[in-house]
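Secondary and tertiary structure notes
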Amino acid sequence: MKNNWILDVLTDLRGFATANGLPRLAEQLDDTVLLAACELVSSPEGGDARGANAERVEFCCDVGGAGTGF
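These lines cover the structure that appears in this document, whether it is placed above or below. For clarity, every value in this text was computed on a predicted model and none was experimentally measured. (Residues numbered from 1 in each chain as written. Predicted model: local features only at pLDDT ≥ 70, side-chain atom pairs only at ≥ 80, totals over all residues. Heavy atoms only, no water.)

Overall, the coordinates contain one salt bridge when judged by the stated rule. Salt-bridge contacts for Asp30 lead to Arg14; the nearest nitrogen and oxygen are separated by 2.6 Å. Residue Asp30 is located in helix H2 (residues 23-42), and its partner Arg14 is located in helix H1 (residues 5-19); the two are separated by 16 residues in the primary sequence. Among the residues examined, Asp30 registers a relative accessible area of 18% and is labelled buried. (Salt bridge = Lys/Arg side-chain N within 4 Å of Asp/Glu carboxyl O. Helix = DSSP H or I, 4+ residues; strand = E, 2+ residues; numbered from the N terminus. Buried < 20%, exposed > 50% of the residue type's maximum accessible area, 1.4 Å probe, protein only.)

Laid out in structure tokens, this is it:
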């Protein structure tokens, strides 16, 4: 899929946040990676969202509207 690069960027940002003492940002980016993976899988182009977090995509897509109340 052509948009999978965003998962790598978000994962790199999460790693930077973790390495630089920004735990709340790292946690938020972890959630963002999962959301991005779900949206990529659900996009009209489909895809498998392969990348650093591919094993978490199935869980993410099963939680339905969790987190949408923000």
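Moving on, we get to the packing of H1 against H2. Orientation of H1 relative to H2, taken along the N-to-C sense of each, is 170°, at an axis distance of 8 Å. When the axis of H1 is compared with that of H2, the two are roughly antiparallel. Packed against H1, whose contacting residues are Ile6, Leu7, Leu10, Thr11, Leu13, Arg14, Ala17 and Thr18, the element H2 presents Leu25, Ala26, Leu29, Asp30, Thr32, Val33, Ala36, Ala37 and Leu40 at the interface. Split by residue class, the contact of H1 with H2 holds 12 nonpolar, three polar and two charged. (Axes fitted to C-alpha atoms, helices over the stretch in contact; angles between N-to-C directions. Parallel < 35°, antiparallel > 145°, perpendicular 65-115°, else oblique. Contact = heavy atoms within 4.5 Å. Nonpolar A, V, L, I, M, F, W, Y, C, P; charged D, E, K, R; others polar.)

In an α-helix there are 3.6 residues to a turn, and that puts residues three or four apart on one side. For H2, with 20 residues, the first-to-last C-alpha span of 29 Å sits near the 28 Å given by 1.5 Å per residue. Among the residues of H2, those classed as buried are Ala26, Leu29, Asp30, Val33, Leu34, Ala36, Ala37, Cys38 and Leu40. (Expected span 1.5 Å × (residues − 1).)

Mapped onto the secondary structure, Asp31 falls in helix H2. Residue Asp31 is classed as partly exposed on the basis of its relative accessible area of 41%. Remark: the alpha-carbon pair of Asp31 and Arg14, spanning 17 residues in sequence, is separated by 10.0 Å.

Moving on: H1. A rise of 1.5 Å per residue sets the reference length of H1, with its 15 residues, at 21 Å; its end C-alpha atoms lie 21 Å apart and thus fit the reference within 8%. Taken together, the buried positions of H1 are occupied by Leu7, Leu10, Thr11, Arg14 and Ala17. Here the buried residues of H1 occupy an arc of 120° about the axis, which is enough to place them on one side. Within H1, the exposed residues directed more than 90 degrees away from the buried face are Trp5, Asp12, Phe16 and Ala19. Its buried side turned inward, H1 meets H2. Phi turns positive one or two residues past the end of H1, at Gly21, with a value near 70°. (Arc of directions from axis to C-beta.)

By themselves these figures say nothing about function.
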